[in-house]
Amino acid sequence: MSDENDEMPTKLSLLSIIGSALSAAVGVQKSKNRERDFKSGKMLPFIIAGIIFTLLFIGTVFTVVNIVLKNAGT
């Protein structure tokens, strides 16, 4: 028999979504958190968090490379 809480989607906090996106980027996540994320029933917040993280990561790498190249030329 399943528990009623298993059937109902849980509302995740912004911090939980960000943490899950960072865990996905690194490739390591606890099984308990993965199950919680799938039970939330909504994938849009995770997609948005993943896109934002990816854009920030690319922007950071681009900026660091430009700084290094600029300083290497002097």
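Everything below is about the structure shown above.
Residues numbered from 1 in each chain as written. Predicted model: local features only at pLDDT ≥ 70, side-chain atom pairs only at ≥ 80, totals over all residues. Heavy atoms only, no water.

Engineer: What exactly am I supposed to notice about the overall build of the protein here?
Structural biologist: Looking only at helices and strands, the protein features four helices and zero strands. Going from N to C terminus, the protein has its helices and strands arranged as α-α-α-α. Here the protein holds 74 residues, and the buried ones make up 9% of them. When the accessible surface of the protein is summed, it comes to about 6400 Å², and 69% of that surface belongs to carbon and sulfur atoms. (Helix = DSSP H or I, 4+ residues; strand = E, 2+ residues; numbered from the N terminus. Buried < 20%, exposed > 50% of the residue type's maximum accessible area, 1.4 Å probe, protein only. Areas by Shrake-Rupley, 256 points an atom, 1.4 Å probe, with all protein chains shown as cover.)

Engineer: How do you make sense of the packing of aromatic side chains when you look at a structure like this?
Structural biologist: All told, the structure shown has one aromatic pair when counted by the stated rule. Consider the rings of Phe53 and Phe57, whose centres lie 6.4 Å apart with planes at 20°: the pair is stacked. One end of the pair is Phe53 and the other is Phe57, both in helix H4 (residues 44-72) and four residues apart, which spans about a single turn. Exposure remark for Phe53: the relative accessible area of 28% places this residue in the partly exposed category. (Phe/Tyr/Trp six-rings, centres within 6.5 Å; stacked < 30°, edge-to-face > 60°.)

Engineer: For this particular structure, what's the right way to read the packing of helix H2 (residues 14-26) against H4?
Structural biologist: Interhelical geometry of H2 versus H4 gives an angle of 60° and a closest axis separation of 9 Å. Compared by their axis directions, H2 and H4 come out oblique. The element H2 and its partner H4 pack so that their crossing is right-handed. Residues Ile17, Ser20, Ala21, Leu22 and Ala25 of H2 lie in contact with H4, whose contacting residues are Pro45, Phe46, Ala49, Gly50 and Phe53. Looking at the contact of H2 with H4, its residues break down into eight nonpolar, two polar and no charged. (Axes fitted to C-alpha atoms, helices over the stretch in contact; angles between N-to-C directions. Parallel < 35°, antiparallel > 145°, perpendicular 65-115°, else oblique. Left-handed = near helix turned anticlockwise from the far one by under 90°. Contact = heavy atoms within 4.5 Å. Nonpolar A, V, L, I, M, F, W, Y, C, P; charged D, E, K, R; others polar.)

Engineer: Where do I start with the side chain of Asp37 in this structure?
Structural biologist: Here Asp37 is to be found in helix H3 (residues 31-39). At 3.0 Å, the side chain of Asp37 forms a polar contact with the side chain of Arg36. The contact partners of Asp37, leaving out residues within four places of it in the chain, are Leu12, Ser20, Gln29 and Phe46. (Polar contact = N/O pair within 3.5 Å; in protein donor to acceptor, adjacent residues only side chain to side chain.)

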